[in-house]
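Spelled out from the first residue to the last, the chains are:
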Amino acid sequence: MCRAIVWLASVCLLICPSLSCYDCFIDVEESLRLCWGHVLTNTNVRNMDECFRKLDRIFNTNQTVIEAGRVGEGFDIKLKEILEAEILPIVEEFDQNLNMDTVYERRLQTAADNFIAAASKLPRVSGCFPPCGFQNAGAVYNCITCQYDSCEFPLDCPVEEIEVMENHKAQMWCDVAFDLPSDIEVIWRFAEEIKTQEMDQFIEVTAGVDRLYSIPSTSLQHQGTYQCEIYSGSRSIVRIYFYITVTPQLVAGHTELQEIFDLSLLPGGQLLTAPGAAPRSFLPLLLVLLTTCLTTSLLLLFLTLGVLYWSSSEEDHNEGDADDDDHFEFEMS
Ligand SMILES: *[C@@H]1O[C@H](CO)[C@@H](O)[C@H](O)[C@H]1NC(C)=O
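So, a few notes on the structure that sits alongside this text. (Residues numbered from 1 in each chain as written. Predicted model: local features only at pLDDT ≥ 70, side-chain atom pairs only at ≥ 80, totals over all residues. Heavy atoms only, no water.)

## Here we look at the state of the cysteines
In plain terms, the rule: Count a disulfide wherever a pair of cysteine sulfur atoms falls within 2.5 Å. Each helix is a run of DSSP H or I of at least 4 residues and each strand a run of E of at least 2, with the numbering of both proceeding from the N terminus. Each residue gets one of three labels from its accessible area relative to the maximum for its type: buried under 20%, exposed over 50%, partly exposed in between, using a 1.4 Å probe on protein chains only.
Using the criterion set out here, one finds six disulfides in the structure. Two residues, C21 and C143, share a disulfide whose sulfurs are 1.8 Å apart. Across the S-S bond linking C21 and C143, the dihedral sits near 95 degrees, which makes this disulfide right-handed. One end of the pair, C21, is in helix α2 (residues 21–25); the other, C143, is in the loop between β3 (140–142) and β4 (147–149), and 122 residues separate them in sequence. Each sulfur of the disulfide joining C24 and C146 lies 2.0 Å from the other. Between C24 and C146, the S-S dihedral sits near -95 degrees, and the bridge is therefore left-handed. Of this pair, C24 sits in helix α2 while C146 sits in the loop between β3 and β4, and the two are 122 residues apart along the sequence. The partly exposed category is assigned to C146, whose relative accessible area is 26%. Taken N- to C-terminal, the disulfide-bonded cysteines of the protein chain are connected 1-7, 2-8, 3-4, 5-9, 6-10, 11-12.

In structure tokens:
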């Protein structure tokens, strides 16, 4: 008979989907002993099922109890101590004794109130920092699953885009919003040219404790995705990505010239008369450009003349040389 009850109760506890702070911490045997002498007032009959329903109502489905149980990492042991200190004395007192359901109600309600008061004083956590990373400190105890909830963010952070001019400095910080353990290792990896988050595309660049990655002077082959992965022990905590685009300086200069050219094509020769700030600020540039053109043309002209003069004088000189050689040969023979 007793075995059958234990079996039935165990089956119910297994089937009933939601656990609670009570189920997480009090053994089934203790609950069976607690409920053994539960007597219904109106029929004066011993009824254990009603006792389990009472436990459900007071502990298992009560949001205030579940909320009080959301303690920080490691404090589930304290929750167990608090609840056992409330429940086990009642178990010993009621063991093999008959008690009215009203007595049960009063005692269990007091136990729940005391549990809520004590558990609420236990340390909580500051919470989770989205959008990525394994955040240990964000874990809170969950009385519905009897486990710690993790923050449940992916390891991979979204790719951050960085644009940098060729020959300029680029810096990347492997930084997170949440607290990191003290024993971290940082590995920087690089995937040339492409923008990716696929692990097999990367090659390892550095490993150590440095969370800053710096490129003193970027060139085109620095373009691509940089990944920084932080480990604590052998566990990966977070993977941060930067996609760097390097703008060639030649293109930058070309774009500037193109802008000047576009401006000079404004309708009605607005360049000189337009009140807008942009054309006026380009006027000196245009003058410099024209001057450069003129100077270059003049230089070319002088150079051409110079080359012409030099080549003609060279011819004269060569003829003289030939004469000298003849003299020399003549003397030798
Ligand atoms: C939950 O428990 C608290 C404290 O025991 C009680 O004041 C509250 O009424 C209960 N809530 C429900 C929905 O039963």
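Now that the structure has been shown, the text picks up again.
## A word on the environment of N60
In plain terms, the rule: When checking whether two residues touch, look at their non-hydrogen atoms; a contact exists if any pair is within 4.5 Å.
Within the secondary structure, N60 sits in helix α4 (residues 48–60). Along the sequence, N60 and C21 sit 39 residues apart, while their C-alpha atoms lie 6.8 Å from each other. If we ignore the near neighbours within four places in the chain, the residues touching N60 are L19, S20, Y22, D23, L55 and I66.

## Quick look at the site of the ligand
Spelled out, the test is: A molecule or strand has a residue near it when one of that residue's heavy atoms lies within 4 Å. Polar contact criterion, stated in full: a pair of N or O atoms within 3.5 Å, where within protein one must be able to donate a hydrogen and the other to accept it, and residues adjacent in sequence count only if both atoms are side-chain atoms. Only the protein chains shown count as cover for residues, and all accessible areas are computed by the Shrake-Rupley method using a 1.4 Å probe. In the scheme used here, Gly and all other residues not listed as nonpolar or charged are polar, with Ala, Val, Leu, Ile, Met, Phe, Trp, Tyr, Cys and Pro taken as nonpolar and Asp, Glu, Lys and Arg as charged.
Close to the ligand lie N62, T64, Q109, D113 and I116. Q109 is positioned such that a nitrogen or oxygen atom in its side chain is 2.6 Å from an oxygen atom of the ligand. D113 places a polar side-chain atom, nitrogen or oxygen, 2.6 Å from an oxygen atom of the ligand. In the complex, the protein chains occlude 44% of the 360 Å² of accessible area that the ligand would expose alone. The leading source of residues in the shell around the ligand is helix α7 (residues 101–120), at three residues. Grouping the constituent residues of the shell around the ligand by class yields one nonpolar, three polar and one charged.

## Considerations on the packing of aromatic side chains
Note the cut-off: In summary, the pairing rule links any two rings of Phe, Tyr or Trp, Trp by its six-membered ring, whose centres are within 6.5 Å, and it sorts them by plane angle into stacked for under 30 degrees, edge-to-face for over 60 and tilted for everything else. Two conditions define a charge sitting above a ring: the NZ of Lys or the CZ of Arg must be within 6 Å of the ring centre, and it must be within 35 degrees of the ring normal.
A full pass over the atoms with the stated rule returns nine aromatic pairs. Here F94 and Y104 contribute two aromatic rings whose centre-to-centre distance is 4.8 Å and whose plane-to-plane angle is 70 degrees, an arrangement assigned as edge-to-face. With F94 in helix α6 (residues 76–94) and Y104 in helix α7, this residue pair connects regions lying 10 residues apart in the sequence. Here F94 matches Y104 in class, with each residue buried. Here the aromatic residues W188, F190, Y213, Y226 and F242 are joined through ring pairs into a cluster of three or more. In this structure, R46 packs its charged tip against the face of W36, placed 4.6 Å from the ring centre.

## Let's talk about α7
As a reminder of what qualifies: One less than the number of residues in a helix, times 1.5 Å, gives the span that helix is expected to have. By arc we mean the arc of the directions from the helix axis to the C-beta atoms, nothing more.
The terminal C-alpha atoms of α7 lie 28 Å apart, and with 20 residues this matches the ideal 28 Å at 1.5 Å per residue to within 8%. The complete set of buried residues in α7 reads D101, Y104, L108, A111, A112, F115, I116 and A119. Buried residues of α7 fall within an arc of 135 degrees about the axis and therefore sit on the same side. Of the residues in α7, the exposed ones pointing more than 90 degrees away from the buried face are T102 and R106.

## Comments concerning the packing of helix α3 (residues 28–35) against α6
The test is simple: To obtain each axis, a line is fitted to C-alpha atoms, and for helices this fit is confined to the stretch in contact; angles are then taken between N-to-C directions over 0 to 180 degrees. Any angle that falls under 35 degrees is termed roughly parallel, while one over 145 is termed roughly antiparallel, one within 65 to 115 roughly perpendicular, and all others oblique. Each crossing gets its hand from how the near helix is turned against the far one by less than a right angle, where anticlockwise is left-handed and clockwise is right-handed.
Where α3 contacts α6, the two axes come as close as 8 Å, and the packing angle between them is 50 degrees. The orientation of α3 relative to α6 falls into the category oblique. At the point where α3 passes α6, the crossing takes the left-handed sense. When α3 is examined against α6, the residues E30, R33 and L34 are found in contact with a partner set consisting of L88, I90, V91, E92 and F94. Taken together, the residues of the contact of α3 with α6 sort by class into five nonpolar, no polar and three charged.

## Let's talk about the pattern of salt bridges
To keep it simple, the criterion reads: One speaks of a salt bridge when a side-chain nitrogen belonging to Lys or Arg is within 4 Å of a carboxyl oxygen belonging to Asp or Glu.
Under the defined criterion, the tally for this structure stands at 15 salt bridges. One salt bridge connects R107 with E93, and the closest N-O pair in it is separated by 3.0 Å. Placement of R107 in helix α7 and of E93 in helix α6 is noted, with a sequence separation of 14 residues between them. When its relative accessible area of 26% is taken as the criterion, R107 is described as partly exposed. Several salt bridges converge on common partners, so that one network encompasses E30, R33, E92 and D95.

## Quick notes on the packing of α3 against α4
With their axes 9 Å apart at the nearest point, α3 and α4 run at an angle of 120 degrees to one another. The orientation of α3 relative to α4 falls into the category oblique. The two elements α3 and α4 cross, and the hand of that crossing is right-handed. Touching S31, L32, L34 and C35 of α3 are M48, C51, F52 and L55, all from α4. Residues of the contact of α3 with α4, tallied by class, amount to seven nonpolar, one polar and no charged.

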